[in-house]
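Read off the chains here:
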Protein chains: 2
Amino acid sequence: MSRPMAMSGRIFIQEVVTRDGFQNEPEWIPTSDKIALINDLSHSGISKIEVSSFVSPRAIPNLRDAREVFEGIERVPTVIYSALVPNLRGAEAAIAAGADELNFVVSASETHNLANMRVPTARSLAELRNVLALSGTARKPVNLTIATAFGCPFEGDQSPDRVFSMTESAMSWGAAGVTFADTTGMAHPLQVARSVERFIAQFGRTPLTLHFHNTRGLGLANVLAALQSGAVQFDTALGGLGGCPFAPGATGNVCSEDVVHMLDIMAVETGVDLARMISLSRKLTALVGHDVPGQIIKAGRACDLHPPPVDVRDSLMRIGPPGSVQPANSN
Amino acid sequence: MSRPMAMSGRIFIQEVVTRDGFQNEPEWIPTSDKIALINDLSHSGISKIEVSSFVSPRAIPNLRDAREVFEGIERVPTVIYSALVPNLRGAEAAIAAGADELNFVVSASETHNLANMRVPTARSLAELRNVLALSGTARKPVNLTIATAFGCPFEGDQSPDRVFSMTESAMSWGAAGVTFADTTGMAHPLQVARSVERFIAQFGRTPLTLHFHNTRGLGLANVLAALQSGAVQFDTALGGLGGCPFAPGATGNVCSEDVVHMLDIMAVETGVDLARMISLSRKLTALVGHDVPGQIIKAGRACDLHPPPVDVRDSLMRIGPPGSVQPANSN
């Protein structure tokens, strides 16, 4: 690749499994298990954890214990503990529960915002201003996540101008950063590269997070394209949890340990302890009671070698250590 | 991305499902089903089909009908029908059966060649010269596939110099092209980019195929990196069939329809009919009797939209067509 990847600086891995992963799980996950997992993640080199979301418990029953989870977790000073909020009421509850950061969500797509948030995007954006006023008083940073930023399952392609117009609004109103979310896995690498390059050209060092789903197998390719274009913050979910309601059987969020593995073998620094993440992902499989989409827990790391068959070892001893092949002009 | 991808020319998709996919299947696949699938693939815009391999029927029982398959298939003039061969005996059988091209395999790794081919690499390379002598007389091109070119599950990293030394030997002896095969999914994008760039610098327009496995989720990221570096020929398998004996449950070859989908949405021309490939992949699932790793047959194409919920449609009619968001300086 001609452009050197963002390899001199560190890449930041932001874990969303207890929010974006667990919100899709059909079975209740006990509060104590959520707290234990977040505490384990806090000691794994993750830079931000999206702990839960403050939404209607009817809409997302599995996250109805958001407050209890925030109250129960250990706080590691190097980790930001964020909460997803859809409105002012959620923001108030998140601040009261002790969230370090609020992650406000609006969809680029009008249709998706109505389906997901039950309000028009104009109403969500008005609510964002209210949340920013509140968070200013409470001294809590607010990140804006633009869902369906790379495509909507109802509307299809979303205009980049609309996404950037939302971004401009949020920044001018005081948001601390922006996340471009590929909510249902519709992004492709060229599109990602264009978006990241435009963001950096327009907003410089303003924090930008890329949130990819692997729904169509493109997760790591999109992470690669974003890295090449200068992105340094990525949302990922342990085990690749977090399916899509429109794609039964398809994979979920990009998988934390698969992303870290790719970066590790490319010598890109994340600060994340891969062995520990793999062990947490195995525990996660037991916790949710089903297979998870991540590949590394099935295949092992590329550096996890296998002993050769016994007869091969005997042959190897006979022919000696691997040498170079015979030269092209030998006879 | 700063380097424009190889987007002006066409990308060539080479189907390996009936060889690399079927060789790993536990159940016998009837000869007539193999023939029917190859005939369907021949009309889907695929440029080359690796029909079968001429190896010991004890080693790979599922491909023991290689000759019958070659004799039964329809020949579409735009498609090259190739056969994998490990030695001179296999090459003779492949030529007798009417293969258009021989794909000779040697591993970069001494240990892997012993485990896979039961002979040292020096013996395989000597056999390659015999095969090239035979194929010269028979006027059949020979492609050299270098297995474990990006890493060996027994030995780990393979020296690029060893891979390029094998390549030089093969080219000087008259091989028509080379495939770098990531046999057990150990390659990463930077490594792929380096290999493709070095190949093009050293061998110019000599045909180079990249053969990736998605064992660790990196398949499409590696295809992307290869594309960016100028590669134009890729081996893929319908449904992503073709597991790895060391990684039960892990994914197989990069999935044909997932690769074509990625290229389609990036407007990279392949000539492959994606809708037809998706339909063939669904038939494949029924044929092999189990789920396949491909994502597109589960998630649909990114362009396959969903109707919004009825209440959302009502709300959309009330608020009118999607407009731009309120400007940043509005109050």
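Just so you know, these numbers come straight off a predicted model, no measurement behind them.

Asks: Help me understand the relation of the copies chain B and chain A in this model?
Replies: Both copies of the chain are related by a screw-like operation: a rotation about an axis and a shift along it. Each copy of the sequence occupies a distinct position, and chain B is placed on chain A by a rotation of 180° and an axial shift of 0.0 Å, giving an RMSD of 0.0 Å. Classification of the inter-copy transformation places it as that of a two-fold axis. Proximity to the rotation axis, assessed at the C-alpha, singles out alanine 221 of chain B in chain B; its C-alpha lies 1.9 Å from the axis.

Asks: Would you mind showing me how to read the interface of chain B and chain A here?
Replies: Accessible area lost on assembly of the parts is the figure often given for the size of an interface. At the junction of the two partners, chain B supplies 69 residues and chain A supplies 68 residues. Taken together, the elements giving at least two residues each to the side of chain B that touches chain A come down to α5 (110–117), α6 (121–138), α7 (160–173), α8 (189–203), α9 (219–228), α10 (256–265), α12 (296–299) and α13 (310–319) of chain B. Per-element accounting of the side of chain B that touches chain A gives the leading share, six residues, to α7 of chain B.

Asks: Looking at this structure, I do not really get the packing of α10 of chain B against helix α11 (residues 274–288) of chain B. What am I missing?
Replies: The packing of two helices is summarised by the inter-axis angle and the distance between the axes. All names here are of chain B. One can describe the packing of α10 onto α11 by two numbers: an axis separation of 9 Å at closest approach and a directional angle of 160°. Accordingly, the angle class assigned to the pair α10 and α11 is roughly antiparallel. Crossing hand, α10 versus α11: left-handed. Along the contact surface, α10 presents Ser256, Glu257, Val260, His261 and Asp264, while α11 presents Leu274, Met277, Ile278 and Ser281. Split by residue class, the contact of α10 with α11 holds four nonpolar, three polar and two charged.

Asks: Can you help me understand the packing of helix α8 (residues 189–203) of chain A against helix α9 (residues 219–228) of chain A in this one?
Replies: All names here are of chain A. Two numbers describe how α8 lies on α9: the axes approach to 8 Å, and their chain directions differ by 30°. Taken together, the axis directions place α8 and α9 in an arrangement best described as roughly parallel. Of the two possible hands of crossing, α8 and α9 adopt the one that is right-handed. Residues Pro189, Val192, Ala193 and Val196 of α8 form the contact with α9, whose participating residues are Ala221, Asn222, Ala225, Ala226 and Gln228. In terms of residue class, the contact of α8 with α9 is built from seven nonpolar, two polar and no charged.

Asks: Would you explain unusual backbone geometry in this entry?
Replies: A negative phi angle characterises most non-glycine residues, just as the trans form characterises most peptide bonds. Residues and elements named next belong to chain A. For arginine 139, which is not glycine, the phi dihedral falls at a positive 55°. With respect to the helices, strands and loops of the structure, arginine 139 is situated in the loop between α6 (121–138) and β5 (142–147). Phi at alanine 267 is positive, roughly 60°, even though this residue is not glycine. With respect to the secondary-structure elements, alanine 267 resides in the loop between α10 (256–265) and α11 (274–288). The exposure class assigned to alanine 267 is exposed, which follows from the 10 C-beta atoms found within 10 Å.

Asks: Sorry if this is basic, but what is going on with the environment of valine 76 of chain A here?
Replies: Residues and elements named next belong to chain A. Among the structural elements, valine 76 can be located in the loop between α3 (66–72) and β3 (80–85). Sequence separation between valine 76 and serine 47 is 29 residues, and the spatial gap between their C-alpha atoms is 10.0 Å. Not counting residues up to four positions away in its chain, the partners in contact with valine 76 are Ser42 and His43.

Parameters and conventions
Residues numbered from 1 in each chain as written. Chains lettered and ligands numbered in written order. Predicted model: local features only at pLDDT ≥ 70, side-chain atom pairs only at ≥ 80, totals over all residues. Least-squares fit on C-alpha atoms with pLDDT ≥ 70 in both. Contact = placed C-beta atoms within 7 Å. Helix = DSSP H or I, 4+ residues; strand = E, 2+ residues; numbered from the N terminus. Axes fitted to C-alpha atoms, helices over the stretch in contact; angles between N-to-C directions. Parallel < 35°, antiparallel > 145°, perpendicular 65-115°, else oblique. Left-handed = near helix turned anticlockwise from the far one by under 90°. Nonpolar A, V, L, I, M, F, W, Y, C, P; charged D, E, K, R; others polar. Buried ≥ 20, exposed ≤ 12 C-beta atoms within 10 Å, placed from the backbone.

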